[in-house]
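The chain contents come next:
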Amino acid sequence: MNKETVILNTKIFVQQTLKNAEGGHDWFHILRVWNNAKLIAKSENVDIFIVELGALLHDIADSKFNNGDETVGPKIAREFLESQNVANSIIVHVENIITNISFKGGNFKQKFTSPELEVVQDADRLDAIGAIGIARCFNYGGFKNRTLYDPKIPPKLNQTKEEYKNSKAPTINHFYEKLLLLKDRMNTITGKKIAEKRHTYMEVFLQQFYDEWNGKK
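If you're wondering where the values come from, they're calculated on a predicted model, not measured in any experiment.

## Some details on the overall build of the protein chain
Stage number 1. Looking only at helices and strands, the protein chain has ten helices and zero strands in total.
Stage number 2. Ordering the α and β elements of the protein chain from the N terminus gives α-α-α-α-α-α-α-α-α-α.
Stage number 3. Whereas a compact globule of 217 residues would reach a radius of gyration of roughly 17 Å, the protein chain reaches 18 Å, a difference of no more than 12%.
Stage number 4. Across the 217 residues that make up the protein chain, the buried fraction comes to 48%.
Stage number 5. Across the protein chain, every contact between residues at least 6 apart in sequence was considered, and the portion connecting residues at least 24 apart equals 66%.
Stage number 6. Accessible surface for the protein chain amounts to roughly 11,600 Å². Of this, 51% is attributable to carbon and sulfur atoms.

Pasting the structure below:
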């Protein structure tokens, strides 16, 4: 097994698989997370091969687009990695990264942890905040035909996993239900540092949004 070849083949596989994906969960999302993960990994004691595979395959079949089925992603990842003759221990690790990476309402208890998961998780969460995070949030809201904002519908904090998955709340609510919570949930020093700046950007955006909504100059 040549690791460089496996990474290249994985990149090609993911690009092809996600060519028609929703804009916030497409190949470019994967590419940003992959780059974030490699950047963060430089300061962490991790197996970079597992980090790269986890980053590339973490959204290969997001449950949001598979009727909530969380088993599809790990299954597709396993089948592909087996075709590349990747060791089973590595495949299991990547499956665990895919299964445990998501926010899922914030009350989800991870059943697995590793330095590699922490790196990929931070990389994924960084792409959910800041300017890109705002763009992805509204893109998905539009994809689901959600209201931008409704002052009569307050955010619902501390949602269960099922409530989070089934929410149809206005897009702005998602900032309070997830995006603004991510800064304090980062795992790595590098992730925390980058998250601080992106978090502040979201706070400025929200203030501007409310000012414009309320007709302020």
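What follows continues from the structure just given.
## Side note on helix H6 (residues 115-126)
Stage number 1. Between its first and last C-alpha, H6 extends 17 Å over twelve residues, near the 16 Å set by a 1.5 Å rise per residue.
Stage number 2. Among the twelve residues in H6, ten count as buried, and that is most of the element.
Stage number 3. All of the buried residues along H6 are Glu 116, Leu 117, Val 119, Val 120, Gln 121, Asp 122, Ala 123, Asp 124, Arg 125 and Leu 126.
Stage number 4. Among the structural elements, helix H2 (27-41), helix H3 (48-57), helix H5 (88-100) and helix H10 (189-213) are those in contact with the buried residues of H6.

## Concerning helix H1 (residues 3-17)
Stage number 1. Its 15 residues place the ends of H1 21 Å apart at the C-alpha level, agreeing with the 21 Å of an ideal helix rising 1.5 Å per residue.
Stage number 2. Among the residues of H1, those classed as buried are Val 6, Ile 7, Thr 10 and Val 14. Around the axis of H1, the buried residues are gathered within 95° of arc, so they sit on the same side. Looking at H1, the residues exposed on the side facing more than 90 degrees away from the buried face are Glu 4 and Gln 16.
Stage number 3. On its buried face, H1 sits against H2, H3 and helix H4 (72-83).

## Considering the packing of aromatic side chains
Stage number 1. Considering all chains together, one arrives at twelve aromatic pairs under this definition.
Stage number 2. Residues Phe 13 and Phe 80 carry aromatic rings whose centres are separated by 4.3 Å and whose planes lie at 10° to one another, so their mutual orientation is stacked. One end of the pair, Phe 13, is in helix H1; the other, Phe 80, is in helix H4, with 67 residues separating them in the sequence.
Stage number 3. Here the aromatic rings of Phe 175 and Phe 205 are separated by 5.9 Å at their centres, their planes lie at 20°, and the arrangement is stacked. Of the two residues, Phe 175 sits in helix H9 (residues 171-177) while Phe 205 sits in helix H10, which places them 30 residues apart along the sequence.
Stage number 4. Residue Phe 175 is classed as buried on the basis of its relative accessible area, which comes to 0%.
Stage number 5. Linked through ring pairs, Phe 138, Tyr 149, Phe 175, Phe 205, Phe 209, Tyr 210 and Trp 213 together constitute an aromatic cluster.
Stage number 6. For the cation-ring pair, Lys 38 lies above Trp 34, with the distance from its terminal atom to the ring centre recorded as 4.0 Å.

## Here's the deal with the side chain of Arg 136
Stage number 1. Within the secondary structure, Arg 136 sits in helix H7 (residues 130-143).
Stage number 2. Those residues within four positions of Arg 136 in sequence are excluded, and the remaining contacts are Gly 24, His 25, His 29, Arg 32, Asp 127 and Ala 128.

Rules used in this analysis
Residues numbered from 1 in each chain as written. Predicted model: local features only at pLDDT ≥ 70, side-chain atom pairs only at ≥ 80, totals over all residues. Heavy atoms only, no water. Helix = DSSP H or I, 4+ residues; strand = E, 2+ residues; numbered from the N terminus. Rg over C-alpha atoms; globule rule 2.2 N^0.38 Å. Buried < 20%, exposed > 50% of the residue type's maximum accessible area, 1.4 Å probe, protein only. Contact = heavy atoms within 4.5 Å. Areas by Shrake-Rupley, 256 points an atom, 1.4 Å probe, with all protein chains shown as cover. Expected span 1.5 Å × (residues − 1). Arc of directions from axis to C-beta. Phe/Tyr/Trp six-rings, centres within 6.5 Å; stacked < 30°, edge-to-face > 60°. Lys NZ or Arg CZ within 6 Å of the ring centre and 35° of its normal.

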